[in-house]
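# Chain and residue survey
Chain by chain, the residues:
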Amino acid sequence: MTPEERLAELGLTLPQVVPPVAAYVPALRSGDHVYVSGQVPVSGGKVLAEGKVGAEIDPDRAKELARVCALNGLAALKSVVGDLSNVVRIVKVVGFVASDPAFTGQPQVINGASELFGEVFGEAGKHARSAVGVAALPLNVPVEVELIAEVR
């Protein structure tokens, strides 16, 4: 089953690539790797949530938003490689969580992204990862996800 077929089986469709809000590109290929810029929880051109996890945003909601970020990342990745079947593996994921100072569940939040990559790519979706708590993120979003993929 192709990654696109897995997405369809999950009831998901890739969105349009989220346009950059500053001076960068959504994804860039260098050799056999694609570097996907940080993706935020935007759908249909609208920010889905604002605030800090552990304060205004519930951790379970933040996990759902990390999944949206990952889906946006897959759209950016596909825009560079043409077909997600060209992805050999997801190599690295970095997740940023705008956190209330007392919140320490960043890994569980970023599992929303990691689990999606596993569902779409199977073994090739297993990756190295960092989950980092930060004071603030662009557009006051609660989560941002970037990734590196090996491609053919």
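Everything that follows concerns the structure shown earlier in this document.
Residues numbered from 1 in each chain as written. Predicted model: local features only at pLDDT ≥ 70, side-chain atom pairs only at ≥ 80, totals over all residues. Heavy atoms only, no water.

## Observations regarding helix α3 (residues 106-121)
As a reminder of what qualifies: Helix and strand definitions follow DSSP, with helices as H or I runs of at least four residues and strands as E runs of at least two, each counted in order from the N terminus. How far a helix is expected to stretch is found by multiplying one less than its residue total by 1.5 Å. Only protein chains enter the accessibility calculation, which uses a 1.4 Å probe. A residue is then buried if its area is under 20% of the maximum for its type, exposed if over 50%, and partly exposed in between. We call two residues in contact whenever any of their non-hydrogen atoms come within 4.5 Å of each other.
Taking 1.5 Å of rise per residue, the 16 residues of α3 would be expected to cover 22 Å, and the 23 Å separating its terminal C-alpha atoms lies within 8% of that figure. Taken together, the buried positions of α3 are Q106, V109, I110, G112, A113, S114, L116, F117, V120 and F121. Against α1 (3-9), α2 (59-81), β5 (87-98), β6 (128-134) and β7 (143-151) lie the buried residues of α3. The first or second residue beyond α3 is G122, which carries a positive phi of 60°.

## What to know about the side chain of Q39
Position of Q39 relative to the elements: it lies in strand β2 (residues 33-39). With sequence-adjacent residues up to four places away left out, Q39 is seen in contact with V18, P26, C69, N72, G73, A76, V143, E144 and V145.

## Side note on the pattern of salt bridges
Filter applied, for reference: A pair is scored as a salt bridge if a Lys or Arg side-chain nitrogen falls within 4 Å of a carboxyl oxygen belonging to Asp or Glu.
Overall, the coordinates contain five salt bridges when judged by the stated rule. For R61, the salt bridge goes to E64, with nearest N and O atoms at 3.2 Å. In this pair, R61 and E64 are both assigned in helix α2, three residues apart and thus about one turn of the helix distant. The class of E64 is partly exposed, set by a relative accessible area of 45%. Where E119 meets R67, a salt bridge forms, and the shortest distance between an N and an O atom there is 2.8 Å. Taken together, the positions of E119 in helix α3 and R67 in helix α2 put the pair 52 residues apart, joining distant regions of the chain. Judged by its relative accessible area of 25%, R67 falls in the partly exposed class.

## Quick look at the side chain of Q106
Note the following rule: Here a polar contact is recorded for every N or O atom pair within 3.5 Å, except that within protein the pair must consist of a potential hydrogen donor and a potential acceptor, and residues adjacent in sequence are included only if both atoms are side-chain atoms.
One can find Q106 in helix α3. Accessibility expressed as a relative area gives 11% for Q106, which makes it buried. From its side chain, Q106 meets the backbone oxygen of F103 in a polar contact 3.2 Å long. Beyond its immediate chain neighbours, meaning those up to four positions away, Q106 contacts V97, S99, A131, V132 and G133.

## With respect to a nonpolar patch on the surface
The criterion, for reference: Excluding any residue in a salt bridge, patches collect residues exceeding 30% relative accessible area, merging like charges within 9 Å and nonpolar Val, Leu, Ile, Met, Phe, Trp and Tyr side chains within 5 Å. Values of accessible area rely on a 1.4 Å probe in the Shrake-Rupley scheme; residue burial ignores everything except the protein chains shown.
The grouping of V21, Y24, V47 and L139 at the surface amounts to a nonpolar patch, some 340 Å² of accessible area in total. Along the chain, V47 falls in strand β4 (residues 46-47). When its relative accessible area of 32% is taken as the criterion, V47 is described as partly exposed.

Any functional reading would require information beyond the geometric quantities listed.
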